[in-house]
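This is what each chain is made of:
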Amino acid sequence: MRNKAPAPSSWHQRPVLVLLHGFMGSGDDWASTAQYLSDQYHCLRPDLPGHGGQPLPPRLTFTDYCHWCWQQLAPQLPPRFILAGYSMGGRIAARLAIEHPERIAALILEGAHPGLETRWARRTRRQQDALWVKRFTQDPWPAVLADWYQQPVFADLTPQRRADFIRVRSRQDPTALAQVLQAAGLGRQPNLRPGLARLSCPCVFIAGSRDTKFTALGQDLTRTCPRFELVKLDGLGHNCHAQAPHRVAAVIRRHDCPGLFSTSMNP
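Residues numbered from 1 in each chain as written. Predicted model: local features only at pLDDT ≥ 70, side-chain atom pairs only at ≥ 80, totals over all residues. Heavy atoms only, no water.

## Topic: the overall build of the protein chain
(1) Moving on: The secondary structure content of the protein chain amounts to 12 helices and six strands.
(2) Moving on: Taken over the C-alpha atoms alone, the protein chain extends approximately 50 × 40 × 35 Å along its principal axes.
(3) Moving on: Taken over 267 residues, the protein chain has a buried fraction of 55%.
(4) Moving on: Within the structure as shown, the protein chain displays about 11,700 Å² of accessible surface, and the carbon and sulfur contribution to it stands at 52%. (Helix = DSSP H or I, 4+ residues; strand = E, 2+ residues; numbered from the N terminus. Buried < 20%, exposed > 50% of the residue type's maximum accessible area, 1.4 Å probe, protein only. Areas by Shrake-Rupley, 256 points an atom, 1.4 Å probe, with all protein chains shown as cover.)

## Here we look at helix α7 (residues 174-184)
(1) Moving on: The buried fraction of α7 amounts to eight of the 11 residues, a majority that puts the element mostly inside the structure.
(2) Moving on: Regarding α7, the residues found buried are Pro174, Ala176, Leu177, Ala178, Val180, Leu181, Ala183 and Ala184.
(3) Moving on: In this structure, the buried side of α7 is in contact with α2 (62-73), α3 (88-99), α4 (119-138) and α5 (141-148).
(4) Moving on: You can read the cap of α7 off the contacts: a side-chain oxygen lies 3.0 Å from the backbone nitrogen of Thr175, and it is on Asp173. (Contact = heavy atoms within 4.5 Å. Polar contact = N/O pair within 3.5 Å; in protein donor to acceptor, adjacent residues only side chain to side chain.)

## Description of the pattern of salt bridges
As a working rule, side chains carrying opposite charge can pair if their charged atoms are close by.
(1) Moving on: A complete count under the given rule lists 11 salt bridges for this structure.
(2) Moving on: Between Arg193 and Glu117 there is a salt bridge, with its nearest N and O atoms 4.0 Å apart. With Arg193 in helix α8 (residues 193-197) and Glu117 in the loop between β4 (104-110) and α4, this pair connects stretches of sequence that are 76 residues apart.
(3) Moving on: A salt bridge links Asp147 to Arg135; the nearest nitrogen and oxygen atoms lie 2.8 Å apart. (Salt bridge = Lys/Arg side-chain N within 4 Å of Asp/Glu carboxyl O.)

## Some details on the nonpolar core
Nonpolar side chains in soluble globular proteins tend to end up buried together.
(1) Moving on: Formed by 85 residues in total, the largest nonpolar core has its most connected members in Tyr65, Leu107, Phe136 and Leu196.
(2) Moving on: Counting residues per element, this core draws most heavily on α3, at seven residues.
(3) Moving on: Other than its neighbours up to four places away in sequence, Tyr65 contacts Leu48, Pro49, His51, Leu56, Leu60, Met88, Ile92, Val180 and Ala184. (Core = buried A, V, L, I, M, F, W, Y, C linked by side-chain atoms within 4.5 Å.)

## Quick word on the confidence of the model for the protein chain
(1) Moving on: The predicted model of the protein chain has a mean per-residue pLDDT of 91, with 93% of residues at 70 or higher.
(2) Moving on: Helix α12 (residues 260-263) is the least confidently modelled element of the protein chain, averaging 42 in pLDDT, while α3 averages 98, the highest of any element.
(3) Moving on: In the predicted structure, residues 261-267 sits below a pLDDT of 50 and forms 11 contacts with residues beyond four places in sequence or in another chain. (pLDDT = per-residue confidence, 0-100.)

## Considering the pairing of strand β5 (residues 203-208)
(1) Moving on: Counting buried residues in β5 gives six out of six residues, a clear majority hidden from the surface.
(2) Moving on: Side-chain alternation along β5 places Cys203, Phe205 and Ala207 on one buried face and Val204, Ile206 and Gly208 on a second face that is also buried.
(3) Moving on: Pairing of β4 with β5, which is carried by four bridges, proceeds in the parallel orientation. Residue pairing across strands places Glu110 opposite Ile206, the latter belonging to β5.
(4) Moving on: With six bridges connecting them, β5 and strand β6 (residues 228-233) associate as parallel partners. Residue pairing in the sheet places Cys203 in a bridge with Phe228 of β6.
(5) Moving on: Note that the unit made of β5, helix α9 (residues 212-224) and β6 has a crossover that is right-handed. (Pairing = 2+ DSSP bridges. Right-handed = clockwise from strand over helix to strand, strands pointing away.)

In structure tokens form, the structure reads like this:
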């Protein structure tokens, strides 16, 4: 995965914070948040596979997609680091934390679904995603984007913010995004709650107060996963770091990990 910041040749200066973007996004989505944190962390903002021209092997499962992300990212990382992700990037971050708990000093999820809990729900979501996959590969891309950002989860967007998202996302390759959705869509993801409940590192779930769906998911996660803390940001919707990067940066700072700096120096 291509990073939006140079990989460190050593980790003796600042702890490493990895920021994973959402579906259709890029590492640039985290740029403003990273600016607020650059004095304290070395921020890595990779473009995920299938985004920004990054390669994506065909016929991946959700697990395969996460493994591919890890293989691309791990060589650039110290023994321990903080992992954060938004939406799809948060779902990937959650899976990577479950698979590599010894490497994760803290996990921060923003608007990230821990997984549908029944086969029926996952099958229904796959059917819905299949309709989007068809549109991604057959319909005019600007029209698809316009409809994508009319979904309920984006209801809080202002017309200008919606137009900005469509303009930036129009640079992505819809065929590659269709492959990503087929591999890593929510309907392909297992329920991650049991694995998240076993984590011993500090865990934070960020949700905007206007995003009632993900606020409720965060509340549920705190009940089933004792390490999680829900942080609700008043007046914000689904994409908190796009709306108020300084507030998300403040949450990350507030949940810094004592001992990470010294621990990350010694494998």
